[in-house]
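Chain and residue survey
What follows is each chain in one-letter form.
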Amino acid sequence: GKLFRWPDLQHPAELKPLCQCQSFGVADGPTVCCNPYHFSRLCGPESPPPPYSRLSPNDEQKPLDLSDSTLSYTETEATNSPNVTPGDFSDASTSPDAVKRSHWCNVAYWEHRTRVGRLYTVYEQSVSIFYDLPQGNGFCLGQLNLDNRSETVRRTRSKIGYGILLSKEPDGVWAYNRSEHPIFVNSPTLDIPNCRTLIGRKVMPGYSIKVFDYEKSCLLQHTAELDYADGPYDPNSVRISFAKGWGPCYSRQFITSCPCWLEILLSNNR
């Protein structure tokens, strides 16, 4: 990794393997992957933290804690992987083998306040959500038709490209930005507890972030004060906007003002 990608890399603990690699999660396996493009890089907090960050100004002086699972990762697409070929992709939600298994999430695609297309059910451990043709199983947003789309929506849809990769891993759900534009994410486990303002995290191209933490979610559901919830609140949902942010630091105060966004509805089946 240091030779081919990151000259400033100092320790293997700064790296995390991509979920598509066959060596992912295999302890003491017969082979060890050394392809630098099958790994992601752990990033420390930004300095100074921008408005969308959950980190306070005091956090920027703290040393990087490699055990902090909420930090972002820098990742690159595994398009050169010998394990992934363009012909491998199919609709994972309708395959006969998938129907026998329980799903772990449903994905809804929205344009402003209008849900477009059907609810996409995910059975596989990872799924690509994209506009253009993917490198694996996935949900193609480019095939969803809607009459009288605004020009803003059309421009934003053109920026989705390869979109995102969602993966269910033992510690939570990860989102990897495969597009060429930033995405903005929010979930209960990314928010500051009892904060009335939703925290949106900006994820640049090539980065990934743990959008949902199962362990933290269990703690929040036991300690949450419902008085702080403004309107409908789903403790098992994740919202992801393509290219456009929302919140107190943006002209769009609510995600329903964003041109193209996803609602990830997580199942209780872990």
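Residues numbered from 1 in each chain as written. Predicted model: local features only at pLDDT ≥ 70, side-chain atom pairs only at ≥ 80, totals over all residues. Heavy atoms only, no water.

Spelled out, the test is: UniProt positions are given in the numbering used here, feature names are shortened, and annotations may be inferred rather than shown by experiment.
With an unreviewed UniProt entry as reference, the protein is termed Mothers against decapentaplegic homolog, source organism Sterrhoptilus dennistouni. Looking at the Sequence similarities (unreviewed entry) heading of the UniProt record, one finds this comment for the protein: "Belongs to the dwarfin/SMAD family."

1. As for the overall build of the protein
Selection rule: Working definition: helices are DSSP H or I runs of at least four residues, strands are E runs of at least two. Numbering for both runs from the N terminus. Only protein chains enter the calculation, and the probe is 1.4 Å; a residue is then buried if its accessible area is under 20% of its type maximum, exposed if over 50%, and partly exposed in between. Note that accessible areas follow from Shrake-Rupley with a 1.4 Å probe, and for residues the cover is restricted to the protein chains shown.
Of the regular secondary structure elements, the protein holds three helices and 14 strands. Split into buried and exposed, the 270 residues of the protein put 46% on the buried side. Accessible area of the protein: about 14600 Å², with a carbon and sulfur share of 51%.

2. Let's talk about the packing of aromatic side chains
In this description, a pair of aromatic rings is defined by centroid distance and the angle of the planes. Here is the rule: Put simply, two rings from Phe, Tyr or Trp (the six-membered ring, in Trp's case) pair if the centres are within 6.5 Å, and we call them stacked under 30 degrees between planes, edge-to-face over 60, tilted for the rest.
For the coordinates displayed, the defined rule picks out four aromatic pairs. A ring pair is formed by Phe184 and Tyr250, whose centres lie 5.6 Å apart and whose planes are at 80°; its orientation type is edge-to-face. Of this pair, Phe184 sits in strand β10 (residues 183-186) while Tyr250 sits in the loop between β13 (237-242) and β14 (261-266), placing them 66 residues apart in sequence. On the accessibility criterion, Phe184 (5% relative accessible area) is buried. A residue is classified by how much of its surface remains accessible, and Tyr250, at 25% relative accessible area, is partly exposed. Here Phe212 and Tyr214 contribute two aromatic rings whose centre-to-centre distance is 5.8 Å and whose plane-to-plane angle is 75°, an arrangement assigned as edge-to-face. Here Phe212 and Tyr214 have matching classes, each one buried.

3. Concerning the sheet that holds strand β4 (residues 105-111)
Let me state the cut-off plainly: Pairs of strands are assigned from DSSP output, requiring at least two bridges between the strands. What counts as an axis is a line fitted to C-alpha atoms, over the stretch in contact for a helix, and the angles between N-to-C directions run from 0 to 180 degrees.
Here six strands make up an open sheet; going across it, the order is β5-β4-β14-β13-β10-β11 and the pairing antiparallel. Looking at which strands have only one partner, the edges of the open sheet turn out to be β5 (114-122) and β11 (201-203). The average undirected angle you get between the axes of adjacent strands in this sheet is 20°. Two strands pair when backbone bridges link them, and β4 and β14 are joined in this way by six bridges, in the antiparallel orientation. The residue bridging Ala108 from the neighbouring strand is Glu263, located in β14.

4. Here's the deal with the side chain of Ser217
Tracing the backbone through its elements, the reader meets Ser217 in helix α3 (residues 214-223). On the basis of relative accessible area, Ser217 is assigned to the buried category, the value being 4%.

5. Some details on the pattern of salt bridges
Test applied: A pairing counts as a salt bridge when a side-chain nitrogen of Lys or Arg comes within 4 Å of a carboxyl oxygen of Asp or Glu.
Tallying each qualifying case throughout the model produces four salt bridges. Salt-bridge contacts for Arg149 lead to Glu111; the nearest nitrogen and oxygen are separated by 2.8 Å. Of this pair, Arg149 sits in the loop between β7 (138-140) and α2 (151-157) while Glu111 sits in strand β4, and the two are 38 residues apart along the sequence. For Arg149, a relative accessible area of 14% corresponds to the buried category. Of the charged contacts in the structure, one is a salt bridge between Lys210 and Asp213, with a shortest N-O distance of 3.1 Å. Connected via shared salt-bridge partners are Glu111, Arg149 and Arg157.

6. Let's talk about the state of the cysteines
Rules: When two cysteine sulfur atoms are found within 2.5 Å, that pair is recorded as a disulfide.
With the rule as written, the count across this model stands at zero disulfides. With no disulfide partner, Cys33 has as its closest neighbouring cysteine sulfur the one in Cys21, 3.6 Å distant. Judged by its relative accessible area of 18%, Cys33 is buried.

7. Description of the pairing of strand β9 (residues 172-177)
The buried count for β9 comes to six of six residues, which makes it a mostly enclosed element. When strand β8 (residues 164-169) meets β9, the two strands line up antiparallel, connected through six bridges. The residue bridging Ile164 from the neighbouring strand is Asn177, located in β9. Two strands pair when backbone bridges link them, and β9 and strand β12 (residues 207-213) are joined in this way by five bridges, in the antiparallel orientation. By the bridge assignment for β12, Trp174 is matched with Lys210.

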